Amino acid sequence: MTTATAIIDISTLVTNDPSLGEGPLGLIQDAAVVIDGDRVAWVGESSKAPATDSRVDAGGRALLPGFVDSHSHVVFAGDRTQEFNARMSGRPYSAGGIRTTVAATRAASDQDLSANVAHYVREALRQGTTTLEIKSGYGLTSQDEARSLEIAAAHTDEVTFLGAHVVPPEFADDPAAYVDLVTGPMLDICAPHARWIDVFCEEGAFDGDQARAVLTAGVRHGLTPRVHANQLTRGPGVQLAVELGAASADHCTHLSDADVDALAQGDTVATLLPGAEFSTRSPYPDARRLLDAGATVALSPDCNPGSSFTSSMAFCVALAVREMRMTPDEAVWAATAGGARALRRTDIGRISPGARADLTLLDAPSHVHLAYRPGVPLVAAVWRGGELI
């Protein structure tokens, strides 16, 4: 038997449902939300809140949907502090650093990997992230990729097979043979544990033809594509993502006009990962250009040990506003509803009747404070599936 709870005295409620309130965020002032079980049952003005079994006083603070992080790499072992330190001293970032983590991950026990994932899932949750996609990609053998996916699946429903992260050292002289492995025996053993398939389509990783082979093989196994696209250079990744109906093209740092047009005209979400640019001193994606063209934009911290070792969505919202020319409203939408779009979910990223009760209460009167007060831990409480964490 469930009991309904009303959260009252919310200064600003972000519903992400324009039919419920003002603007694209569906803002309601002096609002209330009723949770019944794991779902939102009612939203509206606080004075009109129905009777419930219990009440929680928000104390004049802002409430928004739990952040939806659609891009993370938290199944890993090892540390790359030295690489980061060297890069900050002038050495440019390249995809090859991934191999350092691959070696450590292969050597780690299942228990250590699982404990590491649990740690970062909790870390993200404390910061308001209630949905977290998790990729494999640091095993690069059939066995290690499969166990990475199984470990990820214990913590999230949003599991992505990324066997095509980089070519491992043992295949350095024959990358075609590695693509054959990824699209054959590795995919056979990994597909049952994943919902998505991803590929790093980039110089130093996989070219357009190789990426196409990986993604189409994944589709034949029932997986939906995602693409690491156009992070370090202009390339075929974005166009390939849109052509194959990928849920998202992630990074989107170096885009041609044709890339922007393709994203604007297709259903593929442009997932921007400003933590990577912050941590590599690279140019930021031009979110304004994408938004003005009509593309759908999501934000993610891209938590990984090499190029973006942060799990803070609030930090990425602040970066998006300051460095990528997004408004605070656009950045908050991208971190919530945008992430849900990138995962093709309609039950999260919004606070409206029938949605999953994933909520983040800020110690601030407005969602704008996420950008207005960068670096300040503003998350006061989190509900996931109706449960107060």
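The following paragraphs examine the structure supplied in this document. Since this is a predicted model, take the numbers as computed values, not measurements.

### Considering the environment of A211
Residue position: A211 is located in helix α6 (residues 208-220). For A211, a relative accessible area of 0% translates into the label buried. Distance from A211 to D198, taken between C-alpha atoms, is 8.8 Å for residues 13 residues apart in sequence. Apart from the residues within four sequence positions on either side, A211 is in contact with V199, C201 and L240.

### Description of the pattern of salt bridges
On inspection of all chains with the given rule, the structure shows 18 salt bridges. Across the pair R288 and D292 runs a salt bridge, and its minimum N-O distance is 3.1 Å. Taken together, the residues R288 and D292, both in helix α10 (residues 287-293) and four residues apart, mark about one turn of the helix. The class for R288 is buried, based on a relative accessible area of 17%. Two residues, R356 and D358, come together in a salt bridge whose shortest N-O distance is 3.0 Å. For R356, a relative accessible area of 24% corresponds to the partly exposed category.

### Topic: helix α5 (residues 175-190)
Taking 1.5 Å as the rise per residue, α5 with 16 residues should run 22 Å; its terminal C-alpha atoms sit only 20 Å apart, a clear shortfall. By the largest-angle criterion, L181 marks the main kink of α5, which is about 40°, and a proline, P185, follows within four residues. For α5, the elements touching its buried residues are α4 (142-153), β8 (159-164), β9 (196-201) and α6.

Scoring rules and cut-offs
Residues numbered from 1 in each chain as written. Predicted model: local features only at pLDDT ≥ 70, side-chain atom pairs only at ≥ 80, totals over all residues. Heavy atoms only, no water. Helix = DSSP H or I, 4+ residues; strand = E, 2+ residues; numbered from the N terminus. Buried < 20%, exposed > 50% of the residue type's maximum accessible area, 1.4 Å probe, protein only. Contact = heavy atoms within 4.5 Å. Salt bridge = Lys/Arg side-chain N within 4 Å of Asp/Glu carboxyl O. Expected span 1.5 Å × (residues − 1). Bend = angle between axes of the 7 residues up to and from the residue.

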